[in-house]
Amino acid sequence: PGDFVTPTGELLDAENPIIIGLSLSTPLNNGVVYTLTVSDIGDCSGNIIGLFNSAQFGLPEQAEPNDVVINEILFNAVTDGFDYVELFNRSNKIIDLSTLLIAEMELIDTTAVNEYDNISTSGRLLFPGTYLCLTESSSSVAQQYMSIDTGNFIDVNEMPSYTDNEGIAALLRTDLTVIDQIHFYDDWQFELLSDDDGVSLERINYDYTTQDANNWNSAAADVHFGTPGYQNSMFGNFTSNGDVNVEYQVFSPDGDGYHDLLVITYLTADAGYTASFKIYSAQGKLVKDLGNNITLSREGFLTWEGVNNEGLELNSGIYIVFAEMFDLNGNAKKYKVKCTLVRK
């Protein structure tokens with residue numbers, strides 16, 4: 001603490017640090033994260049630098065659509081709280097955050113920008129496979145959601161003011177190219193929540209479509225309903241190993257972040273399939289329509305929260321997932337998969 005003056009009389013502080021230039025023997029390569037470590041440097045009392053003696057760097061590349069995705073969003077903060085948007089770099093690129101904007105799009109003309117702000121003005125880097133929480137108050141969000149490491153937070157001067165029931169959050173390049181965009185709705189929250197104030201929407205898998213409602217769910221109660229800056233409580237890395245299957249046969253929708261959803265995976269032989277998915281009780285009664293005549297990707301998933309068509313909680317027991325898939329020629333395949341719903 002305090003000022004330090006060099007032998008030449010130069011005042012050094014946080015606004016006027018020492019700058020050291022390094023000459024490298026070989027050029028830097030794209031897609032490589034380098035680490036610079038400084039050692040054996042001490043203060044006037046002989047205390048050697050210990051913590052924070054290394055930093056990562058690399059050559060930034062231009063972000064293209066879906067390189068960085070919106071991974072979590074809190075649009076309905078508690079009273080006096082702050083909204084946030086979490087990003088995830090799913091690419092192998094190092095992204096310069098000064099080239100990106102966080103925005104809100106118009107609901108009527110979804111190509112028009114309503115509000116936006118720069119994510120960074122200092123050229124901060126977002127490395128592959130890392131998370132970043134954008135908010136107006138990192139300290140408040142970290143305290144509310146018990147985030148220990150705030151290194152994945154950044155304060156944005158003026159975050160877009162997302163509405164509590166519906167909105168469009170977008171990640172843009174400074175040339176307004178859309179990198180990712182989500183039109184969210186409050187009814188995407190877990191159906192049995194009595195109050196969704198302060199509950200974030202988490203993306204289940206960053207490799208599946210952003211706009212698919214099945215790819216979003218409320219953060220778990222045991223993480224205080226939000227995971228800003230680190231892996232989502234609802235994250236699942238799903239790969240279908242059959243035409244229609246369930247990721248796990250037993251699920252317990254109790255909000256603890258462990259198997260809260262029944263995840264139904266599918267894999268089609270070709271593009272262009274449509275399908276209907278329904279849930280039946282063990283006695284053969286239809287209890288839930290998950291989708292009728294929906295267009296399928298080649299591979300994907302649907303989720304079920306253990307409620308019926310009226311949004312009421314179903315009892316523990318055995319249920320049957322019934323799927324009927326149609327190809328472009330109208331040929332149909334039918335599947336039945338058993339699952340077990342467990343209530344505490």
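Residue positions are given per chain, counting from 1 as you read along its sequence in written order. Local features in this predicted model are restricted to residues of pLDDT 70 or higher, and side-chain atom pairs are both shown and tallied only at a pLDDT of 80 or more, whereas totals for entire chains, interfaces and linings draw on every residue. Side-chain metrics in this entry use all non-hydrogen atoms of the structure; hydrogen atoms and water are not considered.

Participant: Would you explain the nonpolar core in this entry?
Facilitator: A general tendency of soluble globular proteins is for nonpolar side chains to be buried together. Core analysis: the biggest nonpolar cluster contains 34 residues, and Val-244, Ile-264, Phe-277 and Trp-304 have the highest contact counts within it. Contributions of two or more residues to this core are made by strand S17 (244-246), strand S19 (262-267), strand S20 (274-281), strand S21 (286-295), strand S22 (299-304), strand S23 (317-326) and strand S24 (332-341). Non-local contacts of Phe-277, meaning those with residues more than four positions away in its chain, are made with Val-244, Ile-264, Tyr-266, Lys-288, Asp-289, Leu-290, Gly-291, Ile-294, Leu-296, Leu-302, Phe-322 and Ala-323. Buried residues of nine kinds, namely Ala, Val, Leu, Ile, Met, Phe, Trp, Tyr and Cys, make up a nonpolar core once their side-chain atoms join them within 4.5 Å. Exposure categories follow from relative accessible area, calculated using a 1.4 Å probe and restricted to protein chains: below 20% of the type maximum is buried, above 50% is exposed, and the middle band is partly exposed. Judged by nonpolar contacts, the second largest core, of 27 residues, contains Ile-73, Leu-87, Tyr-162 and Leu-171. Secondary structure counts use DSSP, requiring at least four H or I residues in a row for a helix and at least two E residues in a row for a strand, with both numbered from the N terminus. Any two residues whose heavy atoms approach within 4.5 Å are treated as being in contact.

Participant: Before we go on, may I ask you to explain the pairing of strand S6 (residues 84-89) in this structure?
Facilitator: Along a regular strand, successive side chains alternate from one face of the sheet to the other. By the criterion of burial, S6 is predominantly enclosed, with six of the six residues buried. Because side chains alternate across S6, one face comprises the buried residues Tyr-84, Glu-86 and Phe-88, and the other comprises Val-85, Leu-87 and Asn-89, equally buried. Two strands are counted as paired when DSSP detects at least two bridges linking them. In this sheet, S6 lies alongside strand S5 (residues 68-74) in antiparallel orientation, the contact comprising six bridges. Pairing of Val-69 across the sheet is with Phe-88, part of S6. Looking at chain direction, S6 and strand S11 (residues 131-135) are connected through five bridges and run antiparallel. Bridging from a neighbouring strand, Tyr-84 pairs with Thr-135 of S11.

Participant: I keep staring at the packing of aromatic side chains and nothing clicks. Help me out?
Facilitator: We describe a pair of aromatic rings using the distance from one ring centre to the other and the angle between the two ring planes. What counts as a ring pair is set by centres within 6.5 Å for rings of Phe, Tyr and Trp (its six-membered ring), and what kind of pair is set by the plane angle: stacked under 30 degrees, edge-to-face over 60, tilted for all other angles. Per the stated rule, a full pass over the model turns up 13 aromatic pairs. For the pair Tyr-185 and Trp-188, a centre-to-centre distance of 5.7 Å together with 55° between the ring planes defines the contact as tilted. A residue is classified by how much of its surface remains accessible, and Tyr-185, at 29% relative accessible area, is partly exposed. Taken together, the ring pairs connect Phe-88, Tyr-131, Tyr-206 and Phe-235 into an aromatic cluster.

Participant: Would you mind showing me how to read the sheet that holds S24 here?
Facilitator: In a beta sheet, neighbouring strands pair by backbone hydrogen bonds and run either parallel or antiparallel. Pairing within the open sheet is mixed, and its five strands lie in the order S18-S24-S23-S20-S21. Looking at strand neighbours, the two that pair on one side only are strand S18 (250-251) and S21, the edges of this open sheet. As judged from the eight bridges shared by S20 and S23, these two strands associate in the antiparallel manner. Across the sheet, residue Phe-277 finds its bridge partner in S23, namely Ala-323.

Participant: Please clarify how the environment of Leu-172 should be interpreted in this entry.
Facilitator: Tracing the sequence through the fold places Leu-172 in strand S13 (residues 166-173). Each C-alpha atom of the pair Leu-172 and Val-321 lies 39 Å from the other, and the pair is 149 residues apart in sequence. Not counting the four nearest positions on each side in its chain, Leu-172 is found in contact with Thr-99, Leu-100, Leu-101, Ala-103, Val-113, Thr-177, Val-178 and Ile-179.

Participant: Just checking my understanding: could you explain the pattern of salt bridges for this structure?
Facilitator: Should their charged atoms come close, side chains of opposite charge can pair. When a carboxyl oxygen of Asp or Glu is within 4 Å of a side-chain nitrogen of Lys or Arg, the pair counts as a salt bridge. Going through the model one piece at a time under the given rule, you end up with nine salt bridges. One salt bridge connects Arg-203 with Asp-180, and the closest N-O pair in it is separated by 3.5 Å. Note that Arg-203 is positioned in strand S15 (residues 201-203) and Asp-180 in strand S14 (residues 178-185), a separation of 23 residues in sequence. The exposure class assigned to Arg-203 is buried, which follows from its relative accessible area of 2%. Classification of Asp-180 as buried rests on a relative accessible area of 5%. Salt bridges linked by common partners bring Glu-64, Arg-173 and Asp-175 together as one network.

Participant: Just checking my understanding: could you explain a negative patch on the surface for this structure?
Facilitator: Residues with no salt bridge and a relative accessible area higher than 30% make up the patches, which join like charges within 9 Å and nonpolar side chains (Val, Leu, Ile, Met, Phe, Trp, Tyr) within 5 Å. We get accessible surface area from the Shrake-Rupley algorithm with a probe of 1.4 Å; when it comes to residues, only the shown protein chains can shield them. For the purpose of charge, His is not counted, nor are the chain termini; Lys and Arg are scored as positive and Asp and Glu as negative. Charge positions come from single atoms, namely NZ of Lys, CZ of Arg, CG of Asp or CD of Glu. A grouping of Asp-164, Asp-186, Asp-187, Asp-195 and Asp-197 is seen on the molecular surface, where their side chains present a negatively charged patch. With respect to the helices and strands, the residue Asp-197 is situated in the loop between S14 and S15. Its relative accessible area of 38% is what places Asp-197 among the partly exposed residues.

Participant: Which parts of the structure should I look at to understand the sheet that holds S19?
Facilitator: The antiparallel open sheet is built from three strands, whose spatial order is S17-S19-S22. Unpaired on one side and paired on the other, S17 and S22 mark the two borders of the sheet. Sheet twist, expressed as the average angle between the axes of neighbouring strands with direction ignored, equals 25°. Strand direction decides the pairing type here: S19 and S22, joined by six bridges, are antiparallel. When the sheet's bridge partners are listed, Leu-267 is paired in S22 with Glu-299. The axes used here are C-alpha line fits, helices contributing only the stretch in contact, and every angle between their N-to-C directions lies in the interval 0 to 180 degrees.

Participant: It is not clear to me how a nonpolar patch on the surface should be interpreted in this structure. Could you clarify?
Facilitator: Together, Ile-20, Leu-22, Leu-24, Leu-36, Val-38 and Ile-41 make up an exposed nonpolar region whose accessible area comes to about 570 Å². By the element assignment, Leu-24 lies in the loop between strand S2 (11-12) and strand S3 (34-37). Judged by relative accessible area, which is 53%, Leu-24 ranks as exposed.

Participant: Would you explain the side chain of Asp-260 in this entry?
Facilitator: With respect to the element layout, Asp-260 can be found in the loop between S18 and S19. At 3.1 Å, the side chain of Asp-260 forms a polar contact with the backbone nitrogen of Gly-255. A polar contact is formed between the side chain of Asp-260 and the backbone nitrogen of Gly-257, at a distance of 2.7 Å. Not counting chain neighbours up to four residues away, the residues in contact with Asp-260 comprise Ala-220, Met-234, Phe-251, Ser-252, Pro-253, Asp-254 and Gly-255. Polar contacts here mean pairs of N or O atoms no more than 3.5 Å apart (in protein, one a potential hydrogen donor and the other a potential acceptor; neighbouring residues in sequence count only if both atoms are side-chain atoms).

Participant: How should I be thinking about unusual backbone geometry in this particular structure?
Facilitator: Most of the time, phi is negative for any residue but glycine, and the peptide bond is trans. For Asn-66, which is not a glycine, the phi torsion comes out positive at approximately 75°. With respect to the element layout, Asn-66 can be found in the loop between strand S4 (54-57) and S5. For Asn-66, a relative accessible area of 37% gives the class partly exposed. Within the chain, Phe-225 stands out as a residue other than glycine whose phi angle is a positive 70°. Its location among the elements puts Phe-225 in the loop between strand S16 (216-218) and S17. For Phe-225, a relative accessible area of 28% puts it in the partly exposed group.

Limitation: the analysis is restricted to geometry and does not speak to function.
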